[in-house]
Amino acid sequence: GDLKTAKEMSALLATSLKEDQAKLKIAAQTKDKKELQALAHRIHGAASYGGTPALKEAAKKLEVSLQTSLDHYKPAYQNLDKRIKQTLLALKKVL
């Protein structure tokens, strides 16, 4: 019951993160501020339900950095990308 549900939720999070990571990369390359904000917000929400506080914090930092301008988003984007990779590696171990 609970273990099966947890694995299903982890698989959904992994799939979602892989898709969002690819979209984030494109948005960062094209400097699409609205898409970066939307993706950061989506990842923040998914991380809230997925029990991944470091990922949640990294997504929030990107969201906040984009509120002013595109000038300083790169470190926050790179940190979020790193956190996504770490989360995916951790999820791989449990799936």
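Anything mentioned here points back to the structure above.
Here the residue numbers are simple positions, counted from 1 along each chain's written sequence. The predicted nature of this model means local features are confined to residues of pLDDT at least 70 and side-chain atom pairs, given and counted, to a pLDDT of 80 or more, with totals for whole chains, interfaces and linings taken over all residues. Side-chain metrics in this entry use all non-hydrogen atoms of the structure; hydrogen atoms and water are not considered.

> Describe the packing of helix H2 (residues 33-50) against helix H3 (residues 53-66), with residues and values.
To obtain each axis, a line is fitted to C-alpha atoms, and for helices this fit is confined to the stretch in contact; angles are then taken between N-to-C directions over 0 to 180 degrees. A run of H or I in DSSP counts as a helix once it spans at least four residues, and a run of E counts as a strand once it spans at least two, with each numbered from the N terminus. Contact geometry of H2 with H3 gives a least axis separation of 8 Å together with a crossing angle of 155°. Between H2 and H3, the angle is such that the two are roughly antiparallel. Pair H2 / H3 crosses with left-handed handedness. In contact with Lys 33, Leu 36, Gln 37, Ala 40, His 41, Ile 43, His 44, Ala 47 and Ser 48 of H2, H3 contributes Leu 55, Lys 56, Ala 59, Lys 60, Leu 62, Glu 63 and Leu 66. Note on terminology: angles under 35 degrees are roughly parallel, angles over 145 are roughly antiparallel, angles of 65 to 115 are roughly perpendicular, and the others are oblique. Handedness of each helix crossing follows the sense of rotation of the near helix against the far helix: counterclockwise by less than a right angle gives left-handed, clockwise gives right-handed. In what follows, residue pairs with any heavy atoms lying within 4.5 Å of each other are defined as contacts.

> Provide a residue-level description of H2, including the pertinent values.
When the terminal C-alpha atoms of H2 are compared, their 25 Å separation across 18 residues agrees well with the 26 Å that a helix rising 1.5 Å per residue should span. Check the buried side of H2 and you find it contacts helix H1 (2-30), H3 and helix H4 (74-94). Directly after H2, the chain includes Gly 51, whose backbone phi takes a positive value near 70°. One fewer than the residue count of a helix, multiplied by 1.5 Å, yields its expected span.

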